[in-house]
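# Observations on the model geometry
Residue strings, one per chain:
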Amino acid sequence: MSENSTKTIRESARGLDFSQDLLAKGWYHSFEFPDGAVIDGYMPLAVQKERYARYPIPDDLRGKRVLDIGAWDGWFSFETERHGAQTIAIDCVEIPSFLQVHRRLGSKVDYRVLDFYELPAAGLGKFDVVLFLGVLYHLRHPLLALEIVCGLTTDVAIVESFVIDAETWREHQGAIPTLEFYETFELGNQYDNWSGLTVACLLAMCRAAGFARVELMYAGGNYAGVACYRKWEAAPAQPASAPPELLFVSNGRTPGNSFSSRKSEEYLECVFRSPTDREVSPQDLRLEVSGFGTRAIYVQRREDGSWAASFRLPPALDPGWYPVRLRFAETGFSNELRIAVDLPAERPDQLTVKDVCDGKSWERGQVSIAGGGFVSFWLSGLPENRSALDMRVLLGDIPLQITWIGSTESSGYSQINAKVPPDLAKGAHDFQIRFAGVSSQPQVVRVL
Ligand SMILES: C[S@@+](CC[C@H](N)C(=O)[O-])C[C@H]1O[C@@H](n2cnc3c(N)ncnc32)[C@H](O)[C@@H]1O
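### Things to note about the packing of helix H6 (residues 142–152) against helix H7 (residues 199–209)
Where H6 meets H7, the axes come as close as 8 Å, and the angle between the chain directions of the two elements is 55°. Viewed along their axes, H6 and H7 adopt a mutual orientation that is oblique. You can see that H6 and H7 cross each other, and the crossing is right-handed. Residue-level contacts link Pro142, Leu143, Leu146, Glu147 and Cys150 of H6 to Met205, Cys206, Ala208 and Ala209 of H7.

Now the structure itself:
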């Protein structure tokens, strides 16, 4: 296909070029001032008010911090300020009309010229409410963008975006969500329009970004609006049954209770017991990490009748210890366990290993590799913050894959399991643990 025919097809796929109308009006937003003066922008005032009225944000925003991303002329920033908020507005270019209204209103909105991707490092703090209106499709990395928005939000983010099936999304609910990618001018004849999502894709990406609850507010014309909440709905005042018991929380990729906020994917693997003999689906589960809800990806029953479920670590947590608790939709919360985020490993004084055994037969001092072996042992001296990334389990000079790092038992020891490769030479090997630069005394383990 020639470049020209590609161009024609692409251009005809999506029109929506409003640049001439905008030029004629001069302003994108409309305004009415306290003295009765009016600015009649491309977007009618009634439409702006209607959009704002749909947002599930308090009428009284006093004491609340609001971030308006991609504020343009700033009507939404000034409106939240009018409702009492302490508002920060950002845009990637300085918009003179914003500054004009700012002066005219005597506004205290804090206006920053920042690119969206500069936000995480800008040190602006977190916000009760984030307005992310009409910006998503301008960004090259939409899922990362939603994750950044999630990390900046403590209560609710309002995400409005161009979508490709606002009028027809109900007809293909359940289909795989779709994202159209626009390399150049396909959408609106603008080269900074990068993607067009289906409504289902917008909702799925908001969920995948880390929001606990994602609710479609409206879809129509070419737009959809979504309310994205960081917290679960309130637990029922009268729970239907007792809460689950949270038995264990581990990092699903690198065993231990230690997590990194810098990794793109960290999963909390939770083991819990239900007080009733019931089936459990991901939709039943409400995990909370320091008040932020996170959705279950899967849940399965274990052989001993307990359940294991996986959840994504909420984005943009600061370094520290965080409480983790779980409830079913119809119960109160479980006991709390805790995880460490971005905390460096503490150096143990001494590491002591006992009861090294075959992880299947529990025979001491040996491990069988027939059919895939693994070794179990108990270790004392570990700090509370522990990660397989800081630990080496050595059989001879071969590092074993650590599959489990338990919590400290009443004996002061923690159980650790590791896989033994099937091609390991049979016979006696030195067995030794290293953690954060400290090594245990080697002891002999026979590979059978
Ligand atoms: C369609 S307007 C939306 C205006 C307003 N939020 C609304 O919904 O009425 C998009 C705004 O996002 C801004 N924008 C686009 N890309 C951006 C980026 N990378 N970082 C910050 N702002 C951006 C544009 O300058 C513009 O003000």
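And the narrative resumes.
### Topic: the nonpolar core
Grouped together as the largest cluster of nonpolar side chains are 86 residues, with contacts concentrated most on Val130, Leu131, Phe132, Leu202 and Cys206. Ranked by residues supplied to this core, first place goes to H7 with eight residues. Both of domain 1 (3–229) and domain 2 (245–341) provide at least three residues apiece to this core.

### A closer look at the sheet that holds strand S26 (residues 401–408)
Taken in spatial order, the four strands line up as S21-S23-S27-S26 in an open sheet, and their pairing is antiparallel. Edge positions in the sheet fall to strand S21 (352–358) and S26, since each of these pairs with one other strand and no more. Neighbour to neighbour, the strand axes of the sheet diverge by 20° on average, direction disregarded. In this sheet, strand S23 (residues 373–380) lies alongside S21 in antiparallel orientation, the contact comprising five bridges. Its bridge partner lying in S23, Lys354 is registered against Trp378.

### A short note on the site of the ligand
Around the ligand sit 13 residues in total, of which Gly70, Trp72, Phe116, Leu133 and Gly134 are the nearest. Of the residues belonging to the shell around the ligand, the class tally is eight nonpolar, three polar and two charged.

### Quick word on the pairing of strand S24 (residues 391–395)
Along S24, the buried face is formed by Met391, Val393 and Leu395; none of Arg392 and Leu394, which line the opposite face, is buried. The pairing of S24 with strand S28 (residues 427–435) spans five bridges and is antiparallel. If you follow Leu395 over to S28, its bridge partner there is Phe431. Two elements, S24 and strand S25 (residues 398–399), share two bridges in a ladder whose sense is antiparallel. Counterpart to Leu395 in the pairing with S25 is Ile398. Hairpin connection from S24 to S25: two residues lie between these consecutive antiparallel strands, with Gly396 at a positive phi of about 65°.

### Let's talk about the environment of Ser258
Tracing the backbone through its elements, the reader meets Ser258 in strand S13 (residues 258–259). What makes Ser258 buried here is the crowd of 25 C-beta atoms within 10 Å. As a C-alpha pair, Ser258 and Leu268 span ten residues in sequence and 9.9 Å in three-dimensional space. Residue contacts for Ser258: discarding those within four places in its chain leaves Asn251, Ala340, Leu343, Asn385, Arg386 and Ser387.

### Quick word on the sheet that holds strand S4 (residues 86–91)
Two strands in a sheet stick together by hydrogen bonds in their backbones, pointing the same way (parallel) or opposite ways (antiparallel). Spatial ordering of the open sheet is given by S5-S4-S3-S6-S7-S11-S10, a layout of seven strands whose pairing is mixed. A single partner strand is all that each edge strand has here, and the edge strands are strand S5 (110–113) and strand S10 (213–220). When the angles between neighbouring strand axes are averaged without regard to direction, this sheet yields 15°. Sheet analysis places S4 next to S5, joined by four bridges and oriented parallel. Paired with Ile88 across the two strands is Asp110, which belongs to S5.

### Notes on the pairing of strand S7 (residues 153–162)
Here S7 lies mainly inside the structure; eight of its ten residues are buried. Sheet topology places strand S6 (residues 127–133) next to S7; six bridges connect them, and they run parallel. Considered in S7, the bridge of Phe132 is made with Val159. Each parallel crossover has a hand, and the one from S6 via H6 to S7 is right-handed. Sheet topology places S7 next to strand S11 (residues 223–229); seven bridges connect them, and they run antiparallel. Paired with Val156 across the bridge in S11 is Tyr229.

### As for helix H4 (residues 75–82)
Burial of H4 is extensive: seven of the eight residues sit out of reach of the surface. The set of residues buried in H4 consists of Trp75, Phe76, Ser77, Phe78, Glu79, Thr80 and Glu81. In this structure, the buried residues of H4 make contact with strand S1 (31–32), helix H3 (45–54), strand S3 (65–69), S4, helix H5 (96–105) and S6. Downstream of H4 by a residue or two, Gly84 has a phi angle that is positive, lying close to 105°.

### Side note on the environment of Phe328
Considering the arrangement of structural elements, one finds Phe328 in strand S19 (residues 320–328). In this structure the C-alpha to C-alpha distance between Phe328 and Ala242, which are 86 residues apart in sequence, comes to 9.4 Å. With residues up to four places along the chain from it excluded, the contact list for Phe328 reads Pro244, Asp284 and Leu285.

Reading the values: the criteria
- Residues numbered from 1 in each chain as written.
- Predicted model: local features only at pLDDT ≥ 70, side-chain atom pairs only at ≥ 80, totals over all residues.
- Axes fitted to C-alpha atoms, helices over the stretch in contact; angles between N-to-C directions.
- Helix = DSSP H or I, 4+ residues; strand = E, 2+ residues; numbered from the N terminus.
- Parallel < 35°, antiparallel > 145°, perpendicular 65-115°, else oblique.
- Left-handed = near helix turned anticlockwise from the far one by under 90°.
- Contact = placed C-beta atoms within 7 Å.
- Core = buried A, V, L, I, M, F, W, Y, C linked by C-beta atoms within 7 Å.
- Buried ≥ 20, exposed ≤ 12 C-beta atoms within 10 Å, placed from the backbone.
- Domains from an automatic or database assignment.
- Pairing = 2+ DSSP bridges.
- Near = placed C-beta within 6 Å.
- Nonpolar A, V, L, I, M, F, W, Y, C, P; charged D, E, K, R; others polar.
- Right-handed = clockwise from strand over helix to strand, strands pointing away.

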